[in-house]
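# Observations on chain architecture
What follows is the residue order along each chain.
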Amino acid sequence: AQSVTQLDSHVSVSEGTPVLLRCNYSSSYSPSLFWYVQHPNKGLQLLLKYTSAATLVKGINGFEAEFKKSETSFHLTKPSAHMSDAAEYFCVVSERPGGGNKLTFGTGTQLKVEL
Amino acid sequence: DVKVTQSSRYLVKRTGEKVFLECVQDMDHENMFWYRQDPGLGLRLIYFSYDVKMKEKGDIPEGYSVSREKKERFSLILESASTNQTSMYLCASSSPFLGTDTQYFGPGTRLTVL
């Protein structure tokens, strides 16, 4: 069975400093991995995805994530935080690329960006 | 762009009422999903559907049912609402033919059961 652990429920950074949101996964197969972002009172938006191509994945708004199979990790990073990055972030794993996919979500990391 | 819409952003119902949550997608996606989102628990899958008139239970189907009569529409039904079903409900869709399992989400319905 697949599972996802987001290691921090809350992360607080200053504007202009780097962001690191940590995610570890467990999967019996070669997984697809995603990061989604949810701004207050909004739906989920896809930030980036890994589907067995390049291990360093670039997403929207300057975010990127690196797939490390040996560490079973898929941490999300951004070099310089902006106030608009304040949101909840979800790491997601899917074991069945293609038809009939079923996603497993982490419990979320709330990112706070301070002046 | 894929658009997934949900019939209501906010809904308040009373215990015992029958509740319908509607979801419509405009990208001809085969797969549709219903999740509930609760603080500290992330998103949990209630039901999903791979095709019209087809449904499968997710991780927490108890107290819910679904209907998919048309490809673009997926309904979640609470037969007799209870206070523990107060939550944010999110609908999503995806296509198995795009070579990826990205799901596209609607804005959510925040349901309060009094």
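Residues numbered from 1 in each chain as written. Chains lettered and ligands numbered in written order. Predicted model: local features only at pLDDT ≥ 70, side-chain atom pairs only at ≥ 80, totals over all residues. Heavy atoms only, no water.

## Here we look at the interface of chain A and chain B
- With 25 residues of chain A in contact, the opposing surface of chain B contributes 23 residues.
- Note on chain A versus chain B: buried area summed over both sides is about 1900 Å², and carbon and sulfur give 50% of it.
- At the surface where chain A touches chain B, the tally comes to zero salt bridges.
- Our enumeration of links across chain A and chain B arrives at three residue pairs in polar contact (both at pLDDT 80 or more).
- Among the secondary structure elements, those contributing two or more residues to the side of chain A that touches chain B are β5 (32–38), β6 (44–50), β10 (87–94) and β11 (103–105) of chain A.
- A per-element tally of the side of chain A that touches chain B places β5(A) first, with four residues.
- Residue classes in the side of chain A that touches chain B are distributed as eight nonpolar, twelve polar and five charged. (Contact = heavy atoms within 4.5 Å. Buried area = accessible area lost by both parts, 1.4 Å probe. Salt bridge = Lys/Arg side-chain N within 4 Å of Asp/Glu carboxyl O. Polar contact = N/O pair within 3.5 Å; in protein donor to acceptor, adjacent residues only side chain to side chain. Helix = DSSP H or I, 4+ residues; strand = E, 2+ residues; numbered from the N terminus. Nonpolar A, V, L, I, M, F, W, Y, C, P; charged D, E, K, R; others polar.)

## Quick word on the pairing of strand β5 (residues 42–49) of chain B
Residue and element names in this part refer to chain B.
- Of all the eight residues making up β5, seven are buried; the element is thus mostly covered by neighbouring parts of the structure.
- Inspection of the sheet shows strand β4 (residues 31–38) paired to β5 by seven bridges, in the antiparallel sense. Within β5, the position partnered with F33 by the bridge is F48.
- Connecting β4 to the next strand, β5, in antiparallel fashion are three residues, including G40 with a positive phi near 80°.
- Judged from the two bridges that link them, β5 and strand β6 (residues 56–57) form a sheet pairing that is antiparallel. Directly across from F48, in β6, lies its bridge partner E56.
- From the end of β5 to the start of β6, which pair antiparallel, there are six residues, and K53 there has a positive phi angle of about 65°. (Buried < 20%, exposed > 50% of the residue type's maximum accessible area, 1.4 Å probe, protein only. Pairing = 2+ DSSP bridges.)

## Some remarks on the state of the cysteines
Residue and element names in this part refer to chain B.
- The final tally for this structure, using the stated rule, is two disulfides over all chains.
- Disulfide pairing is shown between C23 and C91; the S-S distance is 1.9 Å. Looking along the S-S bond of the C23-C91 disulfide, the torsion reads about -75°, which is the left-handed sense. Remark: C91 occurs in strand β9 (residues 87–94) and C23 occurs in strand β3 (residues 19–25); sequence separation between them is 68 residues. (Disulfide = S-S within 2.5 Å.)

## With respect to the environment of L21(A)
All names here are of chain A.
- Along the chain, the position of L21 falls in strand β3 (residues 19–21).
- With 57 residues separating them in the primary sequence, L21 and K78 have C-alpha atoms 9.2 Å apart.
- Apart from the residues within four sequence positions on either side, L21 is in contact with V11, W35, H75, L76, Y89, T109 and L111.

## Quick look at the packing of aromatic side chains
- This structure, assessed with the given rule, holds 15 aromatic pairs over all chains.
- Summarising the aromatic geometry, the rings of Y50(A) and F74(A) are spaced 6.4 Å apart at their centres and angled 50° between planes, so their arrangement reads as tilted. Of the two residues, Y50(A) is situated in strand β6 and F74(A) in strand β9 (residues 73–78); the sequence distance between them amounts to 24 residues. Side by side, Y50(A) and F74(A) carry an identical accessibility label, which is buried.
- A ring pair is formed by F48(B) and Y50(B), whose centres lie 5.1 Å apart and whose planes are at 55°; its orientation type is tilted. The two residues F48(B) and Y50(B) agree in class, both being buried. (Phe/Tyr/Trp six-rings, centres within 6.5 Å; stacked < 30°, edge-to-face > 60°.)

## Focus on the pattern of salt bridges
All names here are of chain B.
- According to the stated counting rule, one finds eleven salt bridges over all chains in the structure shown.
- The closest approach of N and O atoms between E79 and K18, which form a salt bridge, is 3.5 Å. One end of the pair, E79, is in the loop between β8 (73–78) and β9; the other, K18, is in the loop between β2 (10–13) and β3, with 61 residues separating them in the sequence.
- Across the salt bridge formed by E22 and R73, the nearest N and O atoms sit 3.9 Å from each other.

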